[in-house]
Amino acid sequence: MAITDLTACRMREALRRREFSALEAADASLAAIARLDGRVRAFLSVDADGARRRAAGIDKRLAAGEPAGLLAGVPVAVKDNMCTADGQATTCASRILGGWRAPYDAHVVERLAAEGAVVVGKTNLDEFAMGSSTENSAFGATRNPWDLERVPGGSSGGSAAAVAARMVPLALGSDTGGSIRQPAALCGVVGLKPTYGRVSRYGLVAFASSLDQIGPFGRTVADAALLLQATAGHDPRDSTSVPEAVPDYLAALEEPVRPLRIGLPKEFFGAGLDPEVRRVVRDALAAYERLGAQMVEVSLPHSAEYAIAAYYIVATSEASSNLARYDGVHYGRRSSDHADMIDMYMRSRVQGFGDEVKRRVMLGAYALSAGYYEAYYKKALRVRRLIRRDFQDAFKTVDCIMGPTSPTAAFRQGERTADPLAMYLSDVYTVSCNLAAIAGVSVPCGFTRAGLPVGLQIITDVFTEDRLLRIARMYERETAWADRSPPVCEARP
Ligand code: GLN
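Structure report, in brief.

Cut-offs applied
Residues numbered from 1 in each chain as written. Predicted model: local features only at pLDDT ≥ 70, side-chain atom pairs only at ≥ 80, totals over all residues. Heavy atoms only, no water. Near = heavy atom within 4 Å. Polar contact = N/O pair within 3.5 Å; in protein donor to acceptor, adjacent residues only side chain to side chain. Areas by Shrake-Rupley, 256 points an atom, 1.4 Å probe, with all protein chains shown as cover. 1 Å grid on protein atoms, 1.4 Å probe; cavity = no way out; pocket = protein on both sides within 12 Å on 5 of 7 lines; lining within 4 Å. Sits in = over half its atoms within 2 Å of the grid points. Nonpolar A, V, L, I, M, F, W, Y, C, P; charged D, E, K, R; others polar. Buried < 20%, exposed > 50% of the residue type's maximum accessible area, 1.4 Å probe, protein only. Helix = DSSP H or I, 4+ residues; strand = E, 2+ residues; numbered from the N terminus. Pairing = 2+ DSSP bridges. Phe/Tyr/Trp six-rings, centres within 6.5 Å; stacked < 30°, edge-to-face > 60°. Lys NZ or Arg CZ within 6 Å of the ring centre and 35° of its normal. Axes fitted to C-alpha atoms, helices over the stretch in contact; angles between N-to-C directions. Contact = heavy atoms within 4.5 Å. Points joined across faces, edges and corners; volume = space filled by probe spheres on them. Parallel < 35°, antiparallel > 145°, perpendicular 65-115°, else oblique. Patch = residues over 30% accessible without salt bridge, like charges linked within 9 Å, V, L, I, M, F, W, Y side chains within 5 Å. Salt bridge = Lys/Arg side-chain N within 4 Å of Asp/Glu carboxyl O.

### A short note on the site of the ligand
Stage number 1. Among the 15 residues in the neighbourhood of the ligand, the closest are listed as Thr 176, Gly 177, Ser 179, Tyr 311 and Arg 360.
Stage number 2. In the model, an oxygen atom of the ligand is placed 2.6 Å from a nitrogen or oxygen of the Ser 179 side chain.
Stage number 3. Tyr 312 is positioned such that a nitrogen or oxygen atom in its side chain is 3.3 Å from an oxygen atom of the ligand.
Stage number 4. When the ligand is considered free in solution it has 290 Å² of accessible area, and contact with the protein chains removes 100% of it.
Stage number 5. Here the ligand occupies the largest cavity.
Stage number 6. For the shell around the ligand, the per-class residue count stands at five nonpolar, seven polar and three charged.

Written as structure tokens, this is what we have:
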């Protein structure tokens with residue numbers, strides 16, 4: 001078996017047993033990137049020298065029998081909206097930051113280093129994480145490894161595609177309204193959005209601060225658990241980070257949750273859901289029933305009707321405020337052909353931001369402006385509270401909520417770029433989790449007839465990632481989806 005075919009958990013054991021070195025693992029990952037990424041384009045930058053240097057350092061520790069961390073020698077990719085002080089740029093896939101080098105590491109990047117992970121590169125995304133297809137990147141779109149004509153989902157499409165194509169076993173993404181779970185579904189990997197406050201966002205470039213959360217991608221539930229373990233925990237530098245103890249996510253992973261009551265919101269199976277996705281998700285639910293789970297119909301009335309509208313008001317309002325800092329003075333690119341200071345601000349932003357970012361800044365500024373604030377922003381906050389209450393009510397009677405992660409499998413490149421609303425509807429099942437600040441995961445649950453992966457979304461209450469992972473694992477044990485590799489990998493030299 002090739003090193004790149006190993007899951008992170010297996011790789012970690014093999015590295016400890018010195019079956020191969022961390023340097024060999026890094027080289028295998030770099031070789032896979034060299035072989036595949038011309039077609040997939042998951043990476044914005046690859047730090048081969050740095051990765052090999054770090055791997056050699058880990059090998060020394062392992063050889064000396066010193067503790068080398070939870071992820072000792074495992075190659076990891078990081079979404080390019082997280083700061084790295086390793087000399088690689090942090091671009092957020094935006095021209096306005098093009099070439100900007102962060103002066104410090106994000107908390108999660110520090111954690112990766114402390115746990116011995118080898119960061120090999122930074123992955124592509126929709127500009128400032130705004131989008132559902134990774135087509136909004138200023139540096140070109142990422143392709144879906146299962147079908148290069150299709151999108152990998154977004155905004156963490158680079159991270160999802162890199163894991164799916166086995167260029168790295170693990171990657172970090174960020175999820176504001178679905179940006180980990182939706183690309184995980186479309187690329188056939190596991191992607192988990194932790195509870196708001198579980199993972200520090202220190203050094204994550206802010207999009208919508210009341211929704212943003214960092215989380216793991218892996219090919220298996222255990223791999224996602226491993227990366228969550230390495231990155232979760234309190235950090236005083238992010239005031240929203242919660243000083244709640246981090247459980248051992250791997251310890252009880254194989255223990256099924258029994259009895260298990262699964263809430264099925266009727267709103268998640270209604271109009272707009274592709275029939276094939278419905279069929280595949282129903283099959284997964286039947287597998288849970290065979291495992292003894294009890295199905296309970298629940299209702300999330302406010303989520304179904306208003307979540308997308310509330311999300312796109314809250315997220316754009318916060319984005320318009322967060323993105324005010326890109327003025328051509330503090331960060332990144334400055335226009336060179338301006339008349340005066342105001343003109344310099346304007347031209348820097350007009351030239352630096354892409355269309356979707358401009359659309360969001362304008363929508364957000366409008367929703368926050370005098371006279372509209374009450375009608376839009378304040379109302380959206382009230383709806384948000386109702387959505388949270390829908391979930392709280394549901395969790396009184398069920399342990400988790402399940403449904404499709406995305407209403408369709410991967411769509412074609414260009415199919416939704418001209419229609420922002422169609423693109424926004426890709427998030428119809430994922431945004432409410434962020435509005436309610438709770439945890440959610442997408443696990444592979446099968447394929448459409450065209451061979452495109454489908455994701456099952458599982459949602460649980462705040463700070464119950466341990467149970468969430470166990471519930472996901474119960475199903476994964478019954479299936480072999482994680483063993484399938486996408487066609488792009490098959491053309492092996
Ligand atoms: N697709 C959603 C959006 O465009 C979610 C993005 C995200 O989670 N970062 O806002």
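### Section: the pairing of strand 9 (residues 400-404)
Stage number 1. In terms of burial, strand 9 is largely enclosed, as five of its five residues are buried.
Stage number 2. As paired elements, strand 9 and strand 11 (residues 453-460) share four bridges and run antiparallel to each other. The residue bridging Pro 404 from the neighbouring strand is Leu 456, located in strand 11.

### Overview of the packing of aromatic side chains
Stage number 1. By the definition in use, this model includes 17 aromatic pairs.
Stage number 2. Ring geometry for Tyr 312 and Tyr 424: centres 3.8 Å apart, planes at 10 degrees, overall stacked. Taken as a pair, Tyr 312 in helix 9 (residues 301-322) and Tyr 424 in helix 13 (residues 420-424) lie far apart in primary sequence, 112 residues in all.
Stage number 3. For Tyr 424, a relative accessible area of 9% translates into the label buried.
Stage number 4. Ring centres of Tyr 326 and Tyr 331 lie 5.6 Å apart, and the angle between their planes is 45 degrees; this geometry places the pair in the tilted category.
Stage number 5. Using a relative accessible area of 28% as the deciding quantity, one classes Tyr 331 as partly exposed.
Stage number 6. Through a chain of ring-to-ring contacts, the aromatic side chains of Trp 100, Phe 128, Tyr 326, Tyr 331 and Phe 353 assemble into a single cluster.
Stage number 7. Lying over the aromatic face of Phe 411, Arg 416 brings its terminal NZ or CZ to 3.8 Å of the ring centre.

### Examining the sheet that holds strand 5 (residues 190-193)
Stage number 1. Spatially, the eleven strands line up as an open sheet ordered 1-3-2-4-6-5-10-11-9-7-8, and their pairing is mixed. Two strands close off the open sheet at either side, each with one partner strand: strand 1 (43-46) and strand 8 (294-298). Recorded for the sheet is a direction-independent mean angle of 30 degrees between the axes of neighbouring strands.
Stage number 2. In this structure, strand 7 (residues 261-265) lies alongside strand 8, joined through five bridges in parallel fashion. Considered in strand 8, the bridge of Ile 262 is made with Met 295.
Stage number 3. Contacts between helix 8 (residues 275-290) and the sheet are confined to strand 7, strand 8, strand 9, strand 10 (439-447) and strand 11, with strand 11 contributing the most and set at about 55 degrees to the helix.

### Observations regarding helix 4 (residues 107-114)
One turn of the α-helix equals 3.6 residues, which is why residues spaced by three or four share an orientation.
Stage number 1. Among the residues of helix 4, His 107, Val 108, Val 109 and Leu 112 are the ones counted as buried.
Stage number 2. Directly beyond the C-terminal end of helix 4, a positive phi value near 80 degrees is found at Gly 116.

### What to know about the layout of surface pockets
Stage number 1. Its boundaries defined by the atoms lining it, the largest pocket holds a volume of some 540 Å³.
Stage number 2. Thr 7, Arg 10, Thr 220, Arg 473 and Glu 476 are the residues nearest the centre of the largest pocket, which is lined by 23 residues in total.
Stage number 3. At three residues, helix 1 (residues 8-16) tops the list of elements feeding residues into the lining of the largest pocket.
Stage number 4. When the residues that make up the lining of the largest pocket are grouped by side-chain class, the tally is nine nonpolar, three polar and eleven charged.

### Quick word on the packing of helix 8 against helix 15 (residues 465-476)
Stage number 1. For the pair helix 8 and helix 15, interaxial distance at closest approach is 10 Å and the crossing angle is 95 degrees. With respect to their mutual orientation, helix 8 and helix 15 come out roughly perpendicular. Here Ala 284, Ala 287 and Tyr 288 of helix 8 come into contact with helix 15, specifically with Ile 471, Ala 472, Met 474 and Tyr 475.
Stage number 2. Its residues assigned to classes, the contact of helix 8 with helix 15 comprises seven nonpolar, no polar and no charged.

### Remarks on unusual backbone geometry
Peptide bonds are trans in most cases, and residues, glycine excluded, mostly fall at negative phi.
Stage number 1. Look at the link from Gly 154 to Ser 155: it is a cis peptide, with omega at 10 degrees.
Stage number 2. With an omega dihedral of -5 degrees, the bond running from Arg 258 to Pro 259 counts as a cis peptide bond.
Stage number 3. The phi dihedral of Phe 128 is positive, around 50 degrees, even though this residue is not glycine.
Stage number 4. The topology assignment puts Phe 128 in the loop between strand 3 (118-123) and helix 5 (157-164).
Stage number 5. Overall, Phe 128 belongs to the buried group, its relative accessible area being 3%.
Stage number 6. Positioned with a positive phi, Ala 437 is a non-glycine residue whose angle comes to about 65 degrees.
Stage number 7. Topologically, Ala 437 is positioned in the loop between helix 14 (431-435) and strand 10.

### A look at the pairing of strand 11
Stage number 1. Buried residues dominate strand 11, accounting for eight of its eight residues.
Stage number 2. Every second residue of strand 11 is oriented toward a common face, with Pro 453, Gly 455, Gln 457 and Ile 459 on one face and Val 454, Leu 456, Ile 458 and Thr 460 on the other, all of them buried.
Stage number 3. Pairing between strand 10 and strand 11: eight bridges, direction antiparallel. Its bridge partner being in strand 11, Pro 444 is matched across the sheet by Gly 455.
Stage number 4. Linkage of strand 10 to strand 11, two consecutive antiparallel strands, is achieved through a turn of five residues, within which Gly 451 is found at a positive phi near 85 degrees.

### Description of a nonpolar patch on the surface
Stage number 1. There is a patch of nonpolar side chains on the surface, built from Met 341, Ile 342 and Met 346 and spanning about 330 Å² of accessible area.
Stage number 2. Relative to the helices and strands, Met 346 resides in helix 10 (residues 341-352).

### Describing empty space enclosed by the protein
Stage number 1. On inspection of all chains with the given rule, the structure shows four cavities of 30 Å³ or more.
Stage number 2. Of the pockets and cavities examined, the largest cavity occupies roughly 60 Å³.
Stage number 3. Looking at the largest cavity, the residues that line it are Ala 129, Met 130, Gly 131, Ser 132, Gly 177, Gly 178, Ser 179, Phe 207, Tyr 311, Tyr 312, Arg 360 and Asp 427.
Stage number 4. Among the residues forming the lining of the largest cavity, the class breakdown is five nonpolar, five polar and two charged.

### Considering the pattern of salt bridges
Stage number 1. Evaluated as defined, the whole model comprises 25 salt bridges.
Stage number 2. Close ionic contact of Asp 5 with Arg 166 constitutes a salt bridge, the shortest N to O distance being 3.1 Å. Of this pair, Asp 5 sits in the segment before helix 1 while Arg 166 is found in the loop between helix 5 and strand 4 (170-175), placing the two residues 161 residues apart along the sequence.
Stage number 3. Here Glu 476 makes a salt bridge to Arg 473, at a shortest N to O gap of 2.7 Å. Of this pair, Glu 476 and Arg 473 both sit in helix 15, three residues apart, which is roughly one turn of that helix.
Stage number 4. Salt bridges sharing common partners tie together Glu 254, Arg 473, Glu 476 and Arg 477.

Any functional reading would require information that these geometric values do not contain.
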